[in-house]
Amino acid sequence: MPRPLPMILLLAVFVAVVGPVRASDSTIVERAFTGWVERAGMASVEEVLVSQVPCGSDVCMQFQVPEVPRARILVQIVEVAAGFGFGADVVRANMMVDHVNPEMASVTIVTRQQKGGPDAGERMQMANNNMALLRVAAGLHESGEFPSDLRHIARGTAFYYIAGIVIEQTHSSLHLVAPPGAPPPAPAHRIEGAPGCYCIPHPASGETRQTGYFARWQTFSLRCNWVCTPASKPLE
């Protein structure tokens, strides 16, 4: 199994400029997402599950790709959350690693049915914030090489595998798993994101995994509530 990808540090997100809203945007958004998935080599159109879900007082579209390579989506989840190059108003982007095969993951995107929402500058700001969080997560490990079968990592090793990501416009959270006896993750007290934005990360311990590939491993969460100054178009 590959180590966490250094490509995270080099990820570039290109955000489309928002255009005028049209009545048929829900269909356009669906075509844009399924087209992006195919171009990214993650799945075919037929593999994308589409449904409608409650979204506050509105109804949103939900796209789910049940099985994609974790390494691929890990370096593209920020682009998805920023509107997948289309300018979609993404409410939430979620990646969850498979319980049995940690090389695979599912991806769920909730987006409003109309194109619009945050402008291109705010989407780029959000993307840069989440890139900063992923860089911090990639730097939590002890230095050294890790075996391809992660279950052979020595007890107590400070190794934190990203098993889940949730991205929303004003906050983000990571689900991490670590070997038995590993210390809790210790990120920097303050994470600098896009210019004028920062978060104070909040790590927390969760329940020990009982089954699956990471049985007996510890779980941790790392949450960021992003705060941006007025000069940088605040997100909250």
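Heads up: the structure comes first, above all this text.
Residues numbered from 1 in each chain as written. Predicted model: local features only at pLDDT ≥ 70, side-chain atom pairs only at ≥ 80, totals over all residues. Heavy atoms only, no water.

**Re the packing of aromatic side chains**
Threshold: Two aromatic rings from Phe, Tyr or Trp, using only the six-membered ring of Trp, form a pair when their centres are within 6.5 Å; if the ring planes differ by under 30 degrees the pair is stacked, by over 60 it is edge-to-face, and anything between is tilted. By the criteria applied, helices consist of DSSP H or I runs no shorter than four residues and strands consist of E runs no shorter than two, each listed in order from the N terminus. Exposure classes here rest on a 1.4 Å probe applied to the protein chains alone. A residue is buried below 20% of its type maximum, exposed above 50%, and partly exposed in between.
In the structure shown here, the tally under the stated rule is 11 aromatic pairs. With a centroid separation of 4.5 Å and 50° between ring planes, the pair formed by Phe-146 and Phe-159 is classed as tilted. On the criterion of sequence distance, the pair formed by Phe-146 in the loop between α4 (120-138) and β5 (161-167) and Phe-159 in the loop between α4 and β5 is long-range, its members being 13 residues apart. A single burial state applies to Phe-146 and to Phe-159, both of which are buried.

**Let's talk about the nonpolar core**
Rules: Throughout, nonpolar core names a set of buried Ala, Val, Leu, Ile, Met, Phe, Trp, Tyr and Cys residues whose side chains join them through atoms within 4.5 Å. Contacts: residue pairs with any heavy atoms within 4.5 Å of one another.
Formed by 64 residues in total, the largest nonpolar core has its most connected members in Phe-33, Ile-73, Ile-77, Phe-84, Met-95 and Ile-165. Residue contributions to this core peak at 7 residues, all from α4. Contact partners of Ile-77, with chain neighbours within four places excluded, come to Ala-93, Met-95, Leu-134, Ile-165 and Ile-167.

**With respect to the state of the cysteines**
The line we're drawing: The disulfide definition used here is simple: a pair of cysteine sulfur atoms within 2.5 Å.
Overall, the coordinates contain 3 disulfides when judged by the stated rule. Across the disulfide, Cys-55 is cross-linked to Cys-60 (sulfur-sulfur distance 2.2 Å). Every disulfide takes its handedness from the sign of the S-S torsion; for Cys-55 and Cys-60 that torsion is -55°, giving left-handed. Of the two residues, Cys-55 and Cys-60, neither departs from the other in class, the shared state being buried.

**Some words on empty space enclosed by the protein**
To keep things clear, this is the line we draw: A cavity here means a set of 1 Å grid points, computed over protein atoms only, where a 1.4 Å probe fits but cannot escape. A pocket is an open set with protein on both sides within 12 Å along at least 5 of 7 lines, and lining residues have an atom within 4 Å of a point. Grid points are joined across faces, edges and corners, and a volume is the space filled by probe spheres set on the points. Gly is placed with the polar residues, together with every amino acid not listed as nonpolar (Ala, Val, Leu, Ile, Met, Phe, Trp, Tyr, Cys and Pro) or charged (Asp, Glu, Lys and Arg).
The full count for this structure, using the stated rule, is 2 cavities of 30 Å³ or more. For the second largest cavity, the full set of lining residues is Ala-81, Val-90, Val-91, Arg-92, Met-126, Ile-167, Glu-168 and Gln-169. If you tally residues by element for the lining of the second largest cavity, the top one is strand β3 (residues 88-97), at 3 residues. Residues belonging to the lining of the second largest cavity are distributed by class as follows: 5 nonpolar, 1 polar and 2 charged.

**Quick look at the pairing of strand β10 (residues 218-225)**
Here is the rule we go by: At least two bridges found by DSSP between two strands is the condition for calling them paired.
Sheet topology note: the strand β6 (residues 171-178)/β10 ladder contains 8 bridges and is antiparallel. Bridge pairing in β10 places Ser-173 opposite Arg-223. Two elements, strand β9 (residues 202-205) and β10, share 4 bridges in a ladder whose sense is antiparallel. What sits directly across from His-202, in β10, is Arg-223.

**Some remarks on the sheet that holds β3**
Here is the rule we go by: What counts as an axis is a line fitted to C-alpha atoms, over the stretch in contact for a helix, and the angles between N-to-C directions run from 0 to 180 degrees.
With respect to topology, 8 strands assemble into an open sheet ordered β1-β2-β4-β3-β5-β6-β10-β9, the strand pairing being antiparallel. Among the strands making up the open sheet, the edge pair consists of β1 (49-55) and β9. Mean inter-strand twist for the sheet, computed between neighbouring axes without regard to direction, equals 20°. Where strand β2 (residues 58-69) meets strand β4 (residues 104-115), 8 bridges bridge the pair, whose relative direction is antiparallel. Note that in β4 the partner of Val-68 across the bridge is Ala-105.

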